[in-house]
Structure formats: C-alpha cells, structure tokens
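The lines below spell out each chain.
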Number of protein chains: 2
Amino acid sequence: MIVDRRELEFVLFELLDVERISRQPRYSAFDRGTISQILDTAQQIAEEHFLPIAAEVDANEPQFIDGQVVLPESTAVALAAYADAGFFALPFAQEVGGLQAPWVLHTAVSGMFSCANTAVTNYAFLTIAAANLLDAFGSDDLKHRFLQPMLAGRWFGTMCLSEPQAGSSLGDICTTATPGHDGFYRIRGNKMWISGGEHEISGNIVHMILAKIPGGPAGTKGISLFLVPKRRVEKDGSLGLGNNIALVGLNHKMGQRGTTNCLLNFGEGGDCLGYLVGEPHRGIEYMFHMMNEARIGVGHASVMSALGGYLYSADYARTRLQGRLANQKDPQSPQVPIIKHADVRRMLMAQKAAVEGAQALCLYCATLVDELATEEGPEQRKWLEKMLGLLTPVVKSWPSEHCLEANKWAIQVLGGYGYTRDYPVERFYRDNRLNHIHEGTFGIQGADLLGRKVNGDGGQTLQRFIELMRETISQAEKQGQLQKEAAQLDACLTDLSETTRILLDCTESARRMANATLYLDAFGHVVIAWMWLRQALVAAKQVSAAGLSDAEQDFYDGKIVACRYFYGYELPLARAQLSVCASLDTTCLDASEAVFGG
Amino acid sequence: MIVDRRELEFVLFELLDVERISRQPRYSAFDRGTISQILDTAQQIAEEHFLPIAAEVDANEPQFIDGQVVLPESTAVALAAYADAGFFALPFAQEVGGLQAPWVLHTAVSGMFSCANTAVTNYAFLTIAAANLLDAFGSDDLKHRFLQPMLAGRWFGTMCLSEPQAGSSLGDICTTATPGHDGFYRIRGNKMWISGGEHEISGNIVHMILAKIPGGPAGTKGISLFLVPKRRVEKDGSLGLGNNIALVGLNHKMGQRGTTNCLLNFGEGGDCLGYLVGEPHRGIEYMFHMMNEARIGVGHASVMSALGGYLYSADYARTRLQGRLANQKDPQSPQVPIIKHADVRRMLMAQKAAVEGAQALCLYCATLVDELATEEGPEQRKWLEKMLGLLTPVVKSWPSEHCLEANKWAIQVLGGYGYTRDYPVERFYRDNRLNHIHEGTFGIQGADLLGRKVNGDGGQTLQRFIELMRETISQAEKQGQLQKEAAQLDACLTDLSETTRILLDCTESARRMANATLYLDAFGHVVIAWMWLRQALVAAKQVSAAGLSDAEQDFYDGKIVACRYFYGYELPLARAQLSVCASLDTTCLDASEAVFGG
C-alpha cells in the first residue's frame, strides 16, 4: 500500500480546505473532482510502475561500466510513465508549458511515488527542483531551450551544490566559472553527492550548479548559479557535443540505492560551457528562494517512507498470529493476531502519530506556497513568507527524525521478519536515514531556525505564529473532549515563549546557539501537536454528527485517539527539551575535545 | 579502532574492581597482569583478523550453492585464530577443559571482537552459548563427546528456538522429539532464524534445540531441550553419518550479514537423532537459566557496535574541516575541524553517554555472574540471582535502543559520508538494528521486567535495588560537584518507586502491563544514570589528586562531563515516561484496531 486515500482526502479537504485554493483563478482548473482524478492516476502509475520495482532497484544499484552508468531498465520505464501522465509539468505555470496545479497537489502526488519507490522518484524530484529554479531565475532564452524538455520529462535535472571539501559550508566551494568572450562561462571543478548526476535514461541532463566567478567576493557572497547541460544544446534546441562532464565515481549509499549518486568533474577534459542563471553572485540567494519547496519535499518524502512502513506493519499486525492475551490461560487456545497486544498497538500508534502529524504539516506548508503564489497584499505576502521560512527547518527535520523512528517501529512490529530483506520495512528504514542529512542536516536546520528565523527578527514571527496556534487552542477549549489537550498545548506555548525569550536575551551567540538542535526538535513537537489538535478538532465535530458509518466513526475516533497519544506520550518530551534549552546549558559547548574517545 | 583501552581499564579496575573477583580461588589465575595480557591478545587478533574483513563479509553474504552454504574464506581464518588463542574455552571450568576465566573478562574479550566484526563473532557467541547450556545440563557422556570439540573451536554450536509460526511465543513450537527404543529421540520440524545453522567452516555443528515430546503438557511446560548434531558422533568421538538436517533457505538481513542465518528442516529426509539434555519438559527452564548471560552478550554486542561508530566519528570529527565558528567572520579564514561545532560535540557526547554508560552496565552485570559463580551464602546467592534477573531485561534492551541511537548520531557526524558504504558507520547502524529484536524483543523484555521481575515478588527486589542505588547517592552528596546529580537521581528513584507502587496496585493486569515497554525504557535510563553517577564519583576522587597527567585529567573530566550531560539531557525524558506509566494511560490498549490505517 502506498497511500491511505481516506486519510489523504481528510488532510486535503477537511483539514486544509484545499478547495479554498482551487477557488483562486490561478488554480481554477483544479476543483475537487479533478484533484481526485489526478490522485487516482498518480496512484495507479505508482502502483503499476514504481512499487513493483522498489526491491529490484534497491538490490541492483547503478553500476559504472565502461564509463557509463548502467541502471535496471525498469527505472526508465517507470519514469516514462510518470512523464506521459504529465507529472513533470504538474506544478509549473501554463505560460511555460505547465499544468499550473497547486503545489499542495504536486506534493500529494509526489508523495505517492515516494512511498512506492523513493529512489526512482528522486529523478523526478530533482528534475522538478532544477526546473523550478530555472523557471524562477532563468532568462527567456534559457527557459525556451531547457525548460520544456524538462517539463516533458525528456531531459532530467540535478542540483550541484556540494563538493568533496564543502557540503554544509557552501561558501567554501572551489568550482570556478570563468567568463569567455563568447558569452559562455567555462566551468571547472568537482561536485559531490550529485543525485541523478549521470545516467542514460534521459536525452540530456541539466545541471544547476553553484560556482564562483574568479575575482568575486569571498564566501557565499561570491557564488553564482549556472546551468550546465551534459550535452550542449544548439539554438534550435537540438543536441550538440558532449560538454566535458566526467563521471569520477558513484557513491554507494545505505538507502535510496536506485538513485545514481555521483562525483562529477566539470571541465577537466576540455571546455565545459555553462550559462549564468540570473545575476552574478546571487546564487545562494536563488537557492534559498527554492529551498522552501525542496525542503518540504524532503520532509514529505521522509513521511512517505514512514507511511509505507506504517501501512505495511499495520497490515502485518492484523494477520500475524503470535502469543495470547493475559486472560487466555489455556496454552492450546488459538494464538491471537499481534495487533491485540498493547505494545504492538503502541508501536502502530507511534507510527500513526508521527506519519499523520507530519503529513499534515507538509501539506499545510505546501498550501502556504500556494497562498504565496496567489496572494497580492504585500503585508500578507510578507507574513506568509516569514511563516513559511519559520516552518521550513521544521518540515525538513521533524519528519526525518521522527518518521525515521516510525520506520524503526515498523521493523519492530514484524520482529525478525522486519530486518529481513524479503520484507520492505527495512528498506524504508534505510531509505529514510538519508533524509536527515541531505538538503541540510539536522544541525544546519537548527541553526537556521534559531539563528536566522527566530533570532533574525527578535522572535516576532515566532510570536505571531504562537498567536495563530492559540486560535486553535481557543476552539479546542470549547470542545469538551479536547480541553485537556488545549491546556497542554497552551502550557507548551508558554514554555516555548519563555525559552525563546531567554535564548534571545542571551548575548553570547555561541551559548545561545549551543542547543539549537534541541530547540528545533522541541519546536517541531509543538508544531506537530498543533497539527494534531487541528485534526482532532475537525474529527470531534464530525464524530458527533448523526448517521456516520462505522468506518467513518472509526476514522474520526482514530484522529482523536492519536491526538491524545501524541499529547500524552510525546509532547512531555518536548517540554523536557525546552527546559534544557532554557537553562542555557553549555555542557556540550564547553566540553574539551580531549574528553572524547578515539 | 575497536576499543578504548583506557576506558576499558577504567571500567574493569577502577569502577568494578575486577581484581576483587580475581581474589576468589576459582579465578585466581586471572590477576590484573594476566587480564591485561589476554586483552592485548584479543585486541591483536580482532584487529588483525576480524576488523579488516568486516566490510567484506557484509558485502558478500553467505550463499546457498548446490546445497551448501558458501562463505568468504576469511570467516574461517578469523575464527581459527580466535580458536587458537583459546577464546572458545575462556569462560569454561577447568574440569571440562576450559580456562576458567571470569565471565566479565570473557565479556570484555568478546566485546572487542563484536566491535571489530559482529557478524563473524556471532559464530563464536553462539558456540559458547550452546556449550554453556550443554555444560550446565548435559550428561557427562554428552559433555565428553561434544563439549571438548566446541571448546577447542573445532565444532560450532547453535541455539534453535524459533519456528516460522513461533518466535516470541515459544509455547507454540511444533517440532517434535519422539523417543525410540535405542535411547535416541527422533527430531522432526522446522527451525527459523538459526544463526550459524549451516556452513562448512567447522567440523560439525551442534544444535541445541527446543522440541516437544509427544504426549507432554501443552505450552511451554511441554518443551524439552535436545542436542542434535549436524553429523552424528560415534561413542569414540569420531564423526558418523549425516543426521538429516536440511537447509531450507537462508535469511537475508539488513545487518550482521556475514552470519549465515537459516531455516532448517530436521528429520524430513530420514531419522534425525537427538539427545535429551537434562530432564524432559524442562527445556524452557534451562533456556532461562542461560538467558542472563546470552542477553548480557546481546546487549554488550549492541554497545560494541555503537562503540565502533563513536570512536570512528570522534576521529572523523577531529580531522574533517567544515565551516567556521560564529566569531570567525572572515570567509577566507581556514575552516575548522567539525569537532569545534557545539552540535557535533553534542552528537559525540550523546554517543559517549550511551556507549560508556551501557558498557559499564554490561560489565557490571557480568561481574554479578561471576559473583554468583563463587558466592556460597544462600541468602546472598538468592539476592544476586534476583538482581541479575531484574537487570537482564535492561541490559538486553537499553543498549539495543539507545546505542542504536548512538549509531544514528555517528552517521550524522559524518554527514553524507556517513550513509555511504565506503565508511563503516552505516554498517554499524544496520548491524545494531537486529539487537533490538533477537534474543527477545523490546516488548518481551518490558513484559519480563514489569510482569515477572518486578510484579513477581511485589516489587521487593526492585526496592532493594533502589536502596543499593541510594548508597551511591549518599556518596555523591558528599562530593561537591556531584550534589546536583545526586539530588536528580534521588528524585528519579522516588518517581520510580511511586510509579511502581501505582502499577502494582493496579488490579487489572492488562492495564498494568499496557505501558510495560515505556516502564522498561525509563527504568533503563535510571540504571544508566546510576552507572554514570558511579563513574563520576570515581572520577571526582581522582581528579582532585595531585600530579595527574593532562591525559588523565581529560579522561576523568570526560567522565564528569558525560555524567552531567546524561543527567541534564537524558534523565528528564525518563521522568516524563514514568509519569505516563503512573497515569495508567490506556490510550494504546483501548485503541480499536480499526483506527489504524492500511
């Protein structure tokens, strides 16, 4: 199973009211019926072409043979089906040849593919990210030549940021782009960790690459963005010569193994021509502009790996017979399905709470992207940008921490079968481990949240966001069965406010930032708790309605129960973490390097 | 690196005073000098034969070719070196041909091999476990024929408990053992998850197998223990015919891939002869008797996988240059080693706290095994047995949860390199994931702790153990720099006592047990906190001594700092969990099966 459609429709239509977005002229082609049809199509293709080959591409990694990357043929077949359905073009504007769907729909669609097969979906994910960047900042000429083949899925794209010596620290990249008299830049350098960096499954590969123009400012301020195709492209769009990009080696990872991941050398074997995208020295700024969407995407992919594990383990728990309940004294009585055991339910509940809480957050953030795309009021736009900026480190990191934990529980539910490669749950776990690092590590996200997003405006955005969460609390206070949770969240928000005040009042920046990762993690818990209270509120209203079917009753009950679980079992951990942050503890900061072994 | 010898000597001699054990006549051959020599030998063999092949055996799993299991040749070479050094015989009594070393020394020795290469070490681990069982319950004749070749490492052993339909629920095994007139039993059935179950690297394989004698009691009370050799053994010890044990298939796991893991069929192709070990129907009791040592071993192997990751990532963090500190504004200033970043130190500290806390616990439990082997006073024996029983679920489960988490942080320290198979940290993580399930899952350990060990005697053993921990608190209260931690642990013990009282007062067993796994996890944190306070106490006394070298000063400082970290960052989480347990929350227990997706 790759999707719980009832759940998805709940989040899209009942929780987030996506039809509100469809009412905007930009998205008017996407009413509820159309959205459902598109989800049907996505589900069908994902189940037909992506899911069945997930184990195959995991077991048969890309190989480097005679200078070429060799992949299982099925990868190209799956991506062709994806392209034929128009999914590469889905979120792009009609004026550049896209279908102009809301980002939230694109996110939901991508999610099904990620859940079915995250490794193959990565090729599309990166192509869309690269196309997004090109669309936002490229000249009309560049768009004309490169964007359309990418939106058609004929050419794929990559993002080339890291280098062997510069990953988190992008200011230290060494790749150069030297301007020539012919208007091209000559690119020279090595790029590391390039997913989809080399293969033969698309007609061309369009690399969006960060490089420095010699003589520019030092550090991140001297970084520019270039489009560098694998094969050169003539003015008329036809393919020309190779562009002197050499595959130096493939990285072999523990998960997402079906995605080719490369160390590439640009320009050592001859001229490697690049096109400047936008203006010189603004590469980092452009990247940041696109990062919100990309980080929502990584967070959501993490949720989807956990969703796969959750659905599989729930299904397994209902059918696997093992053990008896405490009141079954007769050893010859039949064994019970393991879902009857409280601890198995706890492991399923932990997964449900993480997966459905985080899915709601990811799709909520995607609706903020859509609101930003249609909002015209400058004040509201500014607020939307700020809020999205605040939530971006959370949406990237919370799932990659806690949905990875969910994958751990999925394995545990299956017992010894769980870690066996005949079952998919260990693959989900391996796949998901990558999400905590790529597209900005946990530590980087913590620094972004506390250092830039919270401290950057003296906590104003956070305070306004806290007020927004308090509106939900006000509603919950009126719902008898959610009053306890309303009070818990309220107390948490008070803790969060006070902790933040203490941190911002700390004048030593190293001390303020010493526990930034913990702060991020705790803040994430608070945000997910908010998402759960919102879900439970919707459910509580429905549950009292007359004439509900048993299945609907169970569905809404499940929302309230999972909310209660999250508040009872998970939220207290966040308060403990906030308390560490508020103490301005410097145990780790002050620890001498010599105290560590090795 | 596979061991921090300074750390190991601290735990053995300064914390646990293992020389106290050496003073017992049984262990008098093992003075401090001898112990150090044996550790030197183990380290040398582990580094020479086990460590260099760890990646190889991970990448080249056992294969099933023409009815045989084919392994990398290096596995046999490594185990031959292990045998030649006498390590199979190390913990056994001299009267059966062993070296009669303390169990704590055997544990420390095994640890080095586990850290170097847990997959290959498993063959020895299982052989020693099987031999241990045979030694305790086998007849002289059986011991004469089978034990000596096992102690010499010529024959290997296995433990055959699980079947495809019965893993955690052993009472449901179907394998039968039918007595014949010749004194043999005919074994018939399938056994699943048999590590080391079939291979060609030892002269014979001695299976210790649980089976039911037809007509016996139902459930666990009808299970008996049998010795079933792969090849029959004549009275004179020479090898006879094959014993009709067929390899049905190999399991392919996410970790510990170098250990062959089998589904075996006993007796389908003809008579499969088994020898009854001990008395009929006492198989489970015998297994439980051996389980303390085996579970210490699994917990310790889990610590060792985490130690490998910790030492590797600490070393990496000292040499990898990336980023700058907040006060380095110049982007052209050199990058710093990442160990300078507070969040990297936090990740190293989290690993140190988990690894060194859990290692101390494992070796402490091993000393309890040794005390039990030499103690003659019946009262004290009973108390030692009770305490070891109480700690067994903790020593099995705490490392497999929190040292796995440590492995996660080791990957995180390495960034993208961390999840790449060119570096060992992702392998440690995959290897370690198994430990949370095999030899009794987390859930099983929770039920054992709360249901059997705590509730079984109305909490008496726990209360006495709490008093023991309070003795450490009394000492810490007199150490100025540990007063805060003493107060924290004291408050925690009060929480633990009260929570336990509430649980034991709950008359509905399902409700009492609903959060048993959380209770176990929180109790584990308390025990590890105690271990840390004990370590910090030793360090605090040393740190004030005159004439300490810088290295020694750093070492002891590290103990105090890590203790502080554990109390500041980790222990509060346990109190939050205890509070859930004390609330007798039944959210998961009561959740309808229908609320879960899938």
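Since the model is a prediction, treat every value here as computed from it, not as a measurement.

## Thoughts on the overall build of chain A
No. 1: Along chain A, the regular secondary structure elements total 18 helices and twelve strands.
No. 2: In terms of overall size, chain A behaves like a compact globule, its C-alpha atoms giving a radius of gyration of 24 Å where 598 residues would be expected to give roughly 25 Å.
No. 3: Principal-axis analysis of the C-alpha atoms places the extent of chain A at approximately 80 × 60 × 60 Å.
No. 4: A burial count over chain A gives 65% of its 598 residues as buried.
No. 5: Long-range contacts, defined here as pairs at least 24 residues apart, represent 75% of the contacts in chain A between residues at least 6 apart.

## Some words on unusual backbone geometry
Excluding glycine, residues mostly carry a negative phi; peptide bonds, for their part, are mostly trans.
No. 1: The phi dihedral of glutamate 439 of chain A falls on the positive side, at around 60 degrees, and the residue is not glycine.
No. 2: Turning to its location among the elements, glutamate 439 of chain A is positioned in the loop between α11 (425–433) and α12 (442–454).
No. 3: With phi around 50 degrees, glutamine 256 of chain B is a residue other than glycine that occupies positive phi space.
No. 4: Position of glutamine 256 of chain B relative to the elements: it lies in the loop between β10 (245–250) and β11 (261–266).

## Remarks on the relation of the copies chain A and chain B
No. 1: When chain A is fitted onto chain B, the two copies agree to an RMSD of 0.0 Å after a turn of 180 degrees and an axial shift of 0.0 Å. Such a turn and shift between the copies fits a two-fold axis. Every residue of chain A has its C-alpha some distance from the rotation axis, and the shortest such distance is that of leucine 573 of chain A, at 2.9 Å.
No. 2: The overlap is high: 100% of the interface residues of chain A also sit at the interface in chain B, so the same surface is used on both sides.

## Some thoughts on the interface of chain A and chain B
No. 1: Counting from both sides, the interface comprises 94 residues of chain A and, opposite them, 94 residues of chain B.
No. 2: Summed over both sides, the interface of chain A with chain B buries roughly 8200 Å², with 58% coming from carbon and sulfur.
No. 3: On the chain A side of the interface with chain B, the three residues burying the most area are Tyr419, Tyr569 and Phe596 of chain A, jointly 10% of the side's total.
No. 4: The tally of links from chain A across to chain B stands at ten salt bridges.
No. 5: A salt bridge links glutamate 593 of chain A to arginine 345 of chain B, with the nearest nitrogen and oxygen atoms 3.9 Å apart.
No. 6: The interface formed by chain A and chain B includes 56 residue pairs in polar contact (both at pLDDT 80 or more).
No. 7: Here the side of chain A that touches chain B gets twelve residues from one element, more than from any other, and that element is helix α17 (residues 550–582) of chain A.
No. 8: Of the residues in the side of chain A that touches chain B, the class split is 41 nonpolar, 27 polar and 26 charged.

## What about the packing of helix α14 (residues 483–505) of chain A against α17 of chain A?
Residue and element names in this part refer to chain A.
No. 1: Taken N-terminus to C-terminus, the directions of α14 and α17 make an angle of 20 degrees; their axes are 10 Å apart at the nearest point. One way to sum up the angle between α14 and α17 is to call them roughly parallel. In this structure, α14 meets α17 at a crossing whose hand is left-handed. Residue-level inspection shows Glu485, Gln488, Leu489, Ala491, Cys492, Asp495, Leu496, Thr499, Ile502 and Leu503 of α14 in contact with α17, the latter providing Cys563, Arg564, Tyr567, Gly568, Leu571, Arg575, Leu578, Cys581 and Ala582.
No. 2: Classifying every residue of the contact of α14 with α17 gives twelve nonpolar, three polar and four charged.

## Examining helix α8 (residues 283–319) of chain A
Residue and element names in this part refer to chain A.
No. 1: End to end, α8 covers 53 Å across 37 residues, agreeing with the expected 54 Å (1.5 Å per residue, within 8%).
No. 2: Remark: the principal bend of α8, roughly 45 degrees, maps to methionine 291.
No. 3: With 30 of its 37 residues buried, α8 lies for the most part within the structure.

## Some thoughts on the environment of arginine 452 of chain A
All names here are of chain A.
No. 1: Summarising the element assignment, arginine 452 is placed in helix α12.
No. 2: Remark: the alpha-carbon pair of arginine 452 and tyrosine 185, spanning 267 residues in sequence, is separated by 33 Å.
No. 3: Those residues in contact with arginine 452, other than ones at most four positions away along the chain, are Phe288, Ala447 and Asp457.
No. 4: Within the local environment of arginine 452, its side chain forms a polar contact with the side chain of aspartate 448, the two groups lying 2.7 Å apart.

## Things to note about the packing of aromatic side chains
No. 1: Enumeration over the complete set of coordinates arrives at 54 aromatic pairs over all chains.
No. 2: Seen from their ring centres, tyrosine 519 of chain B and phenylalanine 523 of chain B are 6.5 Å apart, and the 20 degrees between their planes marks the pair as stacked. Linking tyrosine 519 of chain B with phenylalanine 523 of chain B, this pair stays in helix α16 (residues 516–543), spanning four residues, or about one helical turn.
No. 3: Relative accessible area serves as the criterion here: at 0%, tyrosine 519 of chain B is assigned to the buried category.
No. 4: Grouped by ring-pair contacts, the aromatic residues Phe50, Tyr82, Phe87, Phe88, Phe113, Tyr123 and Phe156 of chain A constitute a single cluster.
No. 5: When the ring centre of tyrosine 429 of chain A is taken as origin, the NZ or CZ atom of arginine 433 of chain B, which lies over that ring, is 6.0 Å away.

## Considerations on the packing of α8 of chain A against helix α10 (residues 378–413) of chain A
All names here are of chain A.
No. 1: The N-to-C vectors of α8 and α10 enclose an angle of 20 degrees; their axes lie 8 Å apart at closest approach. On the basis of the axis angle, α8 is roughly parallel to α10. Crossing handedness for the pair α8 and α10: left-handed.
No. 2: Along the lines of polarity and charge, the residues of the contact of α8 with α10 split into 14 nonpolar, ten polar and two charged.

## Details of the pattern of salt bridges
Residue and element names in this part refer to chain A.
No. 1: Summed over all chains, the structure comprises 76 salt bridges over all chains.
No. 2: The salt bridge involving arginine 6 is made with glutamate 552; its shortest N-O contact spans 2.8 Å. Linking arginine 6 in helix α1 (residues 5–15) with glutamate 552 in helix α17, this pair joins segments that are 546 residues apart in sequence.
No. 3: As a salt-bridge pair, lysine 230 and glutamate 198 come within 3.2 Å of each other at their nearest N and O atoms. Residue lysine 230 is located in the loop between β7 (223–229) and β8 (231–233), and its partner glutamate 198 is located in the loop between β5 (185–195) and β6 (204–212); the two are separated by 32 residues in the primary sequence.
No. 4: A single network of salt bridges, built from pairs that share partners, joins Arg5, Glu9, Glu19, Arg32 and Asp40.

## Things to note about the pairing of strand β4 (residues 176–179) of chain A
Residue and element names in this part refer to chain A.
No. 1: Relative to β5, β4 runs antiparallel, the two being bridged by four bridges. Counted as the bridge partner of threonine 178 is arginine 186 from β5.
No. 2: Between β4 and β5, which follow one another and run antiparallel, lie five residues, and glycine 183 among them has a positive phi close to 90 degrees.

## So, helix α9 (residues 342–374) of chain A
No. 1: With 33 residues, α9 of chain A ought to run about 48 Å at 1.5 Å a step, and its terminal C-alpha atoms sit 47 Å apart, in line with that.
No. 2: Of all 33 residues in α9 of chain A, 31 are buried; the element is thus mostly enclosed.

## Brief notes about the environment of asparagine 435 of chain B
Residues and elements named next belong to chain B.
No. 1: Position of asparagine 435 relative to the elements: it lies in the loop between α11 (425–433) and α12 (442–454).
No. 2: A sequence separation of 293 residues divides asparagine 435 from leucine 142, and the C-alpha atoms of the two residues are 31 Å apart.
No. 3: Not counting the four nearest positions on each side in its chain, asparagine 435 is found in contact with Gln256, Val298, Ala301, Ser302, Lys396 and Ser400.

## Concerning the side chain of lysine 191 of chain A
Residue and element names in this part refer to chain A.
No. 1: Counting through the fold element by element, lysine 191 comes out in strand β5.
No. 2: On the accessibility criterion, lysine 191 (0% relative accessible area) is buried.
No. 3: A polar side-chain atom of lysine 191 sits 3.0 Å from a polar atom in the side chain of glutamate 163.
No. 4: Every residue in contact with lysine 191, bar those within four places of it in the chain, is listed here: Cys160, Leu161, Ser162, Glu163, Ile173, Thr175, Ile209, Leu210, Cys262, Leu263, Leu264 and Phe266.

## Here we look at the environment of phenylalanine 266 of chain A
No. 1: Mapped onto the elements of the fold, phenylalanine 266 of chain A is located in strand β11 (residues 261–266).
No. 2: Here the alpha-carbon distance between phenylalanine 266 of chain A and valine 248 of chain A, two residues 18 residues apart in the chain, equals 9.9 Å.

## Section: the state of the cysteines
Defined simply, a disulfide is a covalent bond joining two cysteines at their sulfur atoms.
No. 1: Tallying each qualifying case throughout the model produces zero disulfides over all chains.
No. 2: Take cysteine 262 of chain A: it sits in no disulfide, and the sulfur closest to it among the cysteines is that of cysteine 160 of chain A, at 9.2 Å.
No. 3: Cysteine 365 of chain B takes part in no disulfide bond, and the closest cysteine sulfur to it belongs to cysteine 362 of chain B, at a distance of 6.9 Å.

Conventions adopted
- Residues numbered from 1 in each chain as written.
- Chains lettered and ligands numbered in written order.
- Predicted model: local features only at pLDDT ≥ 70, side-chain atom pairs only at ≥ 80, totals over all residues.
- Heavy atoms only, no water.
- Helix = DSSP H or I, 4+ residues; strand = E, 2+ residues; numbered from the N terminus.
- Rg over C-alpha atoms; globule rule 2.2 N^0.38 Å.
- Buried < 20%, exposed > 50% of the residue type's maximum accessible area, 1.4 Å probe, protein only.
- Contact = heavy atoms within 4.5 Å.
- Least-squares fit on C-alpha atoms with pLDDT ≥ 70 in both.
- Buried area = accessible area lost by both parts, 1.4 Å probe.
- Salt bridge = Lys/Arg side-chain N within 4 Å of Asp/Glu carboxyl O.
- Polar contact = N/O pair within 3.5 Å; in protein donor to acceptor, adjacent residues only side chain to side chain.
- Nonpolar A, V, L, I, M, F, W, Y, C, P; charged D, E, K, R; others polar.
- Axes fitted to C-alpha atoms, helices over the stretch in contact; angles between N-to-C directions.
- Parallel < 35°, antiparallel > 145°, perpendicular 65-115°, else oblique.
- Left-handed = near helix turned anticlockwise from the far one by under 90°.
- Expected span 1.5 Å × (residues − 1).
- Bend = angle between axes of the 7 residues up to and from the residue.
- Phe/Tyr/Trp six-rings, centres within 6.5 Å; stacked < 30°, edge-to-face > 60°.
- Lys NZ or Arg CZ within 6 Å of the ring centre and 35° of its normal.
- Pairing = 2+ DSSP bridges.
- Disulfide = S-S within 2.5 Å.

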